[in-house]
Amino acid sequence: MQNNFLGGLKEHENRLLTVWSQLLIESGSDDGAVEEEESKEFASLFLSALATLNGRFQDSQEFEKVEDLIVGISTSRGKRGFSPRENAQYLTTFKQASSQILSELITDSENLYQANLELNAIIDNMTIMTFEAFMRGREDIISRQVDEISEISTPVITVWEGIVALPIIGTLDSSRTQIVMENLLQQIVDTGSSIAILDISGVPAVDSLVAQHLIKTVSATRLMGAECIISGIRPEIAQTVVHLGIDLTGIITKASLASALKTAFDMLQLTVVKRKLV
Amino acid sequence: MTTITNSKEEALIIREQDVVPLRNRVKEYGVKIGMSILNQTKLITATSELVRNLLKYGGGGKVIIESVSNGRDNGVRVTFIDNGPGIADLSLAMKDGYSTGKSLGLGLPGTKRLVNEFDIKTELGNGTTVTITKWKNG
């Protein structure tokens with residue numbers, strides 16, 4: 001059986017390691033000392049698993065250990081800044097080195113072909129695993145960032161007693177509007193505010209859907225007995241809204257947060273006075 | 001008047017998450033030909049309207065962004081293609097305030113006012129194709 005030929009690689013472990021590290025250096029994905037330890041461990045475990053292999057490698061428990069190890073290695077290499085390409089090269093150079101040793105060991109071409117075929121199947125499977133491990137690492141990062149973004153995206157600020165402001169940055173879609181509205185209404189209750197300022201300076205474009213969401217938010221605020229001012233309407237947004245034909249006449253809108261605040265002060269009958277020098 | 005396409009790309013739109021990247025691509029096309037902030041905003045707002053229609057009524061589809069030139073002026077052309085149910089009454093759909101989906105009903109007529117060229121082809125059961133062009137100095 002071809003397994004015996006692959007198992008024979010174990011006796012040539014040291015030579016295989018030498019050839020492999022040479023190939024790694026040539027491919028430029030060598031990492032010096034840390035890697036040498038890793039490579040030794042991997043080669044030893046892998047070759048032992050080969051030597052005891054009996055039947056399909058997919059069913060072998062020994063190979064599960066090897067696969068765990070290679071996933072661990074590729075994750076740690078990923079953290080050390082290796083690209084997925086270099087991670088794959090780590091394994092393909094190992095395959096190359098093994099093939100080279102095999103061709104020296106086996107003289108019969110039919111047997112050599114069978115041994116290489118088996119080796120290919122095993123290592124290709126591991127290469128796919130390293131890619132999957134890399135992707136999983138990336139997906140973890142992305143989902144963490146999504147959570148973080150949705151958490152920081154809707155702060156409600158109390159700017160004065162009775163006045164809350166909510167700066168909106170980015171695109172307002174249905175799910176985001178829901179969060180914004182909930183936060184704003186809750187904050188109006190919590191602080192007993194009578195005026196809410198919705199600042200849309202950071203919203204890149206106001207289309208009819210965004211406008212509809214804004215109108216709904218304003219209506220909900222009014223139902224709570226508070227007044228809502230929309231600020232941060234840039235000139236280009238104003239013109240676009242007019243061309244689109246969106247009717248915002250029932251809503252108090254201001255160009256800047258400062259003028260919205262001034263309006264809010266007026267509504268609360270507050271005046272800001274410059275202190276006179278005596 | 002003949003128009004020449006300088007560069008072109010396609011994007012598949014299947015989820016709401018595809019809207020923002022598409023808008024950014026369209027904006028980049030506008031920036032590349034030196035479009036003013038006002039026209040850029042008009043263009044991306046129009047794109048935003050149509051791509052939402054594409055998702056909501058057409059069930060997703062394909063968007064083609066082109067950088068075009070007619071000899072005197074450069075512009076951006078965006079084509080929205082879906083295989084949805086089509087629009088039953090086009091003249092009604094182009095009217096302000098008409099909507100079958102509880103929205104403001106400004107998408108199609110509003111978009112037409114935002115761009116320089118607006119073309120819509122629809123057939124019941126065979127989807128809708130909308131093409132808009134915004135010229136740099138239009």
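Just so it is clear, the structure is predicted and the values come from calculations on it, not from any experiment.

Undergrad: So what's going on with the packing of helix α2 (residues 13-27) of chain A against helix α5 (residues 84-105) of chain A? Residues and values would help.
TA: All names here are of chain A. Across the interface, α2 lies against α5 with an axial gap of 9 Å and an inter-helix angle of 135°. Put simply, α2 runs oblique to α5. Viewed along their axes, α2 and α5 form a crossing whose handedness is right-handed. Contacts between α2 and α5 involve Arg 15, Leu 16, Val 19, Trp 20, Leu 23, Leu 24 and Ser 27 from the former and Gln 89, Thr 93, Phe 94, Gln 96, Ala 97, Ser 98, Gln 100 and Ile 101 from the latter. Its residues assigned to classes, the contact of α2 with α5 shows eight nonpolar, six polar and one charged.

Undergrad: Give a detailed account of the sheet that holds strand β1 (residues 157-160) of chain A, specifying residues and quantitative values.
TA: All names here are of chain A. Taken in spatial order, the five strands make up an open sheet running β1-β2-β3-β4-β5, and their pairing is mixed. One side of each edge strand has no neighbouring strand; the edge strands of this open sheet are β1 and β5 (252-253). By the bridge criterion, six bridges tie strand β2 (residues 163-169) to strand β3 (residues 195-202) in an arrangement that is parallel. Note on β3: the bridge partner recorded for Ile 169 is Gly 202. Along the sheet, helix α8 (residues 208-223) makes contact with β3 and β4 (227-231), crossing β4 at roughly 150°.

Undergrad: Account for the environment of Asn 24 of chain B, naming residues and giving values.
TA: Within the secondary structure, Asn 24 of chain B sits in helix α1 (residues 19-32). C-alpha of Asn 24 of chain B to C-alpha of Ile 44 of chain B: the two residues are 20 residues apart in sequence and 8.1 Å apart in space.

Undergrad: I'd like to hear about the environment of Cys 228 of chain A, residue by residue, with values.
TA: Residues and elements named next belong to chain A. As for its placement among the helices and strands, Cys 228 is situated in strand β4. For Cys 228, a count of 21 C-beta atoms within 10 Å corresponds to the buried category. Once residues lying within four places of it in the same chain are set aside, the contact partners of Cys 228 are Ala 196, Leu 198, Thr 217, Val 218, Thr 221 and Arg 222.

Undergrad: Summarise the interface of chain A and chain B; cite the residues concerned and give the values.
TA: When the parts come together, some accessible area is lost, and that loss is often what is quoted as the size of the interface. Counting residues at the interface gives 17 residues for chain A, matched by 20 residues for chain B. At the level of secondary structure, the elements contributing two or more residues to the side of chain A that touches chain B comprise α8 and α9 (235-244) of chain A. Broken down by element, the residue count for the side of chain A that touches chain B peaks at six residues, all from α9 of chain A. Across the side of chain A that touches chain B, the residue classes break down as seven nonpolar, seven polar and three charged.

Undergrad: Which residues make up the sheet that holds strand β1 (residues 4-13) of chain B, and what values go with them?
TA: Residue and element names in this part refer to chain B. Read across the open sheet, the five strands follow the order β1-β2-β3-β5-β4; overall the sheet is antiparallel. Only two strands of the sheet have a single neighbouring strand rather than two, namely β1 and β4 (117-122). Averaged over all pairs of adjacent strands, the angle between strand axes in this sheet comes to 15°, irrespective of strand direction. As paired elements, β1 and strand β2 (residues 61-69) share nine bridges and run antiparallel to each other. Each bridged residue has a counterpart across the sheet, and for Ser 7 the counterpart in β2 is Ser 67.

Undergrad: How would you summarise unusual backbone geometry if you had to cite specific residues and measurements?
TA: Its identity is not glycine, yet Gln 269 of chain A carries a phi of approximately 55°, on the positive side. Gln 269 of chain A gets classed as exposed once you count the C-beta atoms within 10 Å, which come to 6.

Undergrad: Account for the packing of helix α2 (residues 37-56) of chain B against helix α4 (residues 107-114) of chain B, naming residues and giving values.
TA: Residues and elements named next belong to chain B. Packing of α2 against α4 brings their axes to within 9 Å, and their N-to-C directions diverge by 155°. Our classification of the angle between α2 and α4 gives roughly antiparallel. Relative to α4, α2 is oriented so that their crossing is left-handed. Facing Lys 42, Thr 45, Ala 46, Glu 49, Leu 50 and Asn 53 of α2, the residues of α4 in contact are Gly 107, Gly 110, Thr 111 and Leu 114. When the residues that make up the contact of α2 with α4 are grouped by side-chain class, the tally is three nonpolar, five polar and two charged.

Undergrad: Run through the nonpolar core, naming residues and quoting values.
TA: Counting 54 residues, the largest nonpolar core has Leu 166, Ala 196, Ile 197 and Leu 198 of chain A together with Val 51 of chain B as the members making the most contacts within it. In terms of residue count, the dominant contributor to this core is α2 of chain B (six residues). Non-local contacts of Val 51 of chain B, meaning those with residues more than four positions away in its chain, are made with Ile 13, Val 19, Leu 22, Val 63 and Phe 80 of chain B. Within the second largest apolar cluster, 27 residues are counted, among which are Leu 24, Leu 47, Ala 49 and Phe 63 of chain A.

Undergrad: Go over α1 of chain B, please, and point to the residues and values.
TA: Residue and element names in this part refer to chain B. The end-to-end C-alpha distance of α1 is 20 Å, a good match for the 20 Å that 14 residues give at a rise of 1.5 Å each. Those residues of α1 lying buried are Val 19, Leu 22, Arg 23, Val 26, Tyr 29 and Gly 30. End-on, the buried residues of α1 take up no more than an arc of 115°, which puts them together on one face. For α1, exposure combined with an orientation more than 90 degrees from the buried face picks out Pro 21, Asn 24, Glu 28 and Val 31.

About the thresholds
Residues numbered from 1 in each chain as written. Chains lettered and ligands numbered in written order. Predicted model: local features only at pLDDT ≥ 70, side-chain atom pairs only at ≥ 80, totals over all residues. Axes fitted to C-alpha atoms, helices over the stretch in contact; angles between N-to-C directions. Helix = DSSP H or I, 4+ residues; strand = E, 2+ residues; numbered from the N terminus. Parallel < 35°, antiparallel > 145°, perpendicular 65-115°, else oblique. Left-handed = near helix turned anticlockwise from the far one by under 90°. Contact = placed C-beta atoms within 7 Å. Nonpolar A, V, L, I, M, F, W, Y, C, P; charged D, E, K, R; others polar. Pairing = 2+ DSSP bridges. Buried ≥ 20, exposed ≤ 12 C-beta atoms within 10 Å, placed from the backbone. Core = buried A, V, L, I, M, F, W, Y, C linked by C-beta atoms within 7 Å. Expected span 1.5 Å × (residues − 1). Arc of directions from axis to C-beta.

Such coordinate-based values are descriptive only and should not be taken to indicate function.
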